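The lines below spell out each chain.
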Amino acid sequence: MPANKRLLLLPGDGIGPEVMTEVRRVIDWVGRNRAVSFDITEDFVGGAAIDAVGKPITDETVARAKAADAVLFGAVGGPKWDKLGFAQRPEIGILTLRRELGLFANLRPALVLDPLVEASTLKPEVVRGLDLMIVREATGGIYFGEPRGVDMLPDGQKRGINTEVYTTGEIERVGRIAFELAGKRAGRLCSVEKANVMESGLLWRETMTALGAREFPGIALSHMYADNCAMQLVRNPRQFDVIVTSNLFGDLLSDLASMLTGSLGMLPSATLGAPDARGKRPALYEPIHGSAPDIAGKGIANPMAEILSFAMLLRWSFTLEDEAAMIERACTNVLATGLRTPDVMAPGCTKIGTTDMGTEVVKELDRLAA
Ligand code: IPM
Ligand code: MG
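Residues numbered from 1 in each chain as written. Chains lettered and ligands numbered in written order. Predicted model: local features only at pLDDT ≥ 70, side-chain atom pairs only at ≥ 80, totals over all residues. Heavy atoms only, no water.

A.B. asks: Can you explain the pattern of salt bridges? Please cite residues and give values.
C.D. replies: Any two side chains of opposite charge can pair, given that their charged atoms come close. In this structure the tally under the stated criterion is 25 salt bridges. Of the charged contacts, one joins D131 and R185 as a salt bridge, the two residues approaching to 3.3 Å between their closest N and O atoms. In this pair, D131 sits in strand 5 (residues 131–137) while R185 sits in the loop between helix 6 (168–184) and strand 8 (188–193), placing the two residues 54 residues apart along the sequence. Look at D131 and you get partly exposed, because its relative accessible area is 37%. When its relative accessible area of 27% is taken as the criterion, R185 is described as partly exposed. We note a salt bridge from D227 to K194, for which the minimum N-O separation is 3.4 Å. Here D227 is found in helix 8 (residues 226–235), whereas its partner K194 is found in the loop between strand 8 and helix 7 (199–215), with 33 residues between them in sequence. Shared partners join several salt bridges into a network, and the residues in it are E172, R176, R214 and E215. (Salt bridge = Lys/Arg side-chain N within 4 Å of Asp/Glu carboxyl O. Helix = DSSP H or I, 4+ residues; strand = E, 2+ residues; numbered from the N terminus. Buried < 20%, exposed > 50% of the residue type's maximum accessible area, 1.4 Å probe, protein only.)

A.B. asks: Which residues make up the side chain of S254, and what values do they have?
C.D. replies: Topologically, S254 is positioned in helix 9 (residues 247–260). With residues near it in sequence (within four places) discarded, S254 still touches R108 and I134. (Contact = heavy atoms within 4.5 Å.)

A.B. asks: Talk me through the site of ligand 1; I want residue IDs and the actual numbers.
C.D. replies: The environment of ligand 1 is formed by E91, L95, R98, R108, R136, Y143 and D251. Between ligand 1 and R108, the relevant distance is 2.7 Å, taken from an oxygen atom to a side-chain nitrogen or oxygen of the residue. One nitrogen or oxygen atom from the side chain of R136 is found 2.8 Å from an oxygen atom belonging to ligand 1. Starting from 320 Å² of accessible surface for ligand 1 in isolation, the protein chains cover 73%. A breakdown of the residues in the shell around ligand 1 according to their chemical character gives two nonpolar, no polar and five charged. Taken domain by domain, the shell around ligand 1 gets at least three of its residues from each of domain 1 (1–104 + 273–370) and domain 2 (112–263). (Near = heavy atom within 4 Å. Polar contact = N/O pair within 3.5 Å; in protein donor to acceptor, adjacent residues only side chain to side chain. Areas by Shrake-Rupley, 256 points an atom, 1.4 Å probe, with all protein chains shown as cover. Nonpolar A, V, L, I, M, F, W, Y, C, P; charged D, E, K, R; others polar. Domains from an automatic or database assignment.)

A.B. asks: Can you explain unusual backbone geometry? Please cite residues and give values.
C.D. replies: Going from E146 to P147, the amide bond is cis rather than trans, its omega being 0 degrees. By the secondary structure assignment, P147 is in the loop between strand 5 and strand 6 (149–152). The phi dihedral of T319 falls on the positive side, at around 45 degrees, and the residue is not glycine. Here T319 shows up in the loop between helix 10 (304–318) and helix 11 (321–336).

A.B. asks: So, the domain arrangement of the chain: which residues are in play, and what are the values?
C.D. replies: The domain architecture assigned to the chain consists of domain 1 (1–104 + 273–370) and domain 2 (112–263). Between the C-alpha centres of domain 1 and domain 2 there is a distance of 24 Å. With 18 residues of domain 1 in contact, the opposing surface of domain 2 contributes 18 residues. When the two sides are added together, the surface that domain 1 and domain 2 hide from each other amounts to roughly 1500 Å², 72% of it contributed by carbon and sulfur. Among the residues of domain 1 in contact with domain 2, R98, F104 and W316 are the three that bury the most area, contributing 38% of the side total. For the interface between domain 1 and domain 2, the tally reads zero salt bridges. Where domain 1 meets domain 2, there are two residue pairs in polar contact (both at pLDDT 80 or more). (Buried area = accessible area lost by both parts, 1.4 Å probe.)

Written as structure tokens, this is what we have:
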């Protein structure tokens, strides 16, 4: 009997707890029906942690995250905590986890499911069948670079400073993940930076070129400036297979890419670190949508991004490909029947809430397993 998989659930704020409630039903379903069992721990993060224990994440929570086989995250942030100083903000919860667990590779898919092709604000012929993956560096660059801060100039002005900084090692390790991923997909990798204006961008380009030539000669590597990439993503998104880019550009471009699909409420993500000596890779999974305070507590949030994040968890942390694919199929099938949460509502469809959507996904899993 293999040991139970240890999951740490961090629902966080806003719609995080609501969508986490639904994913728990899916986790329970997998535990009941498939040859895998989970030990689940739940903890506070973000504003919920500020309210409960006075800071956005505690050392104990970080330790639990390190001890777990995988972390499933909800979302953090909300107007209630907007006035707090920088170091106390809810966002520090996720940034601390990325840094402390060494989660340097953030995988953000943008996938247009057939039943939702009309949900995009772009024309169906532009986005139909879209399937791209952004690999965003997540523990370096301007998010963490030193020097940083606000200082005072002799003339009485203040000066805000953040530093974009990357070493070859940091570029190579995220690059390898992106190349490997491209190898499992269509074999095309586009590396994105601003080598025309930033030294760190030029180093990024040179390092990716050398890495590709040395270790991944079979992958078609191309390069693009980040501003052009933003434009190309809207003009013709299907030209991309895998994109690899820095922390800040990845933050921007992944929001853009996710909106090509028409619903933030559908998109999962994974953030991975380096495997340890025993081969265990730290990993955190989270929906892209964030805490959505405007709809929190109303029971209308789409739980699918969180459910699909759990599918990614099964695939990446436990190589449970069949179970992951089954959950993805269940989500697509439910959408195809015309049941929709408000964010992906379309003419002729039936609007349902968060809990009912969870129920439908579980029912569909029962059907698929029968
Ligand atoms: C994201 C978010 C975070 C980021 C915030 C919440 C710190 O925007 O995951 O994309 O900027 O990385
Ligand atoms: Mg973001």
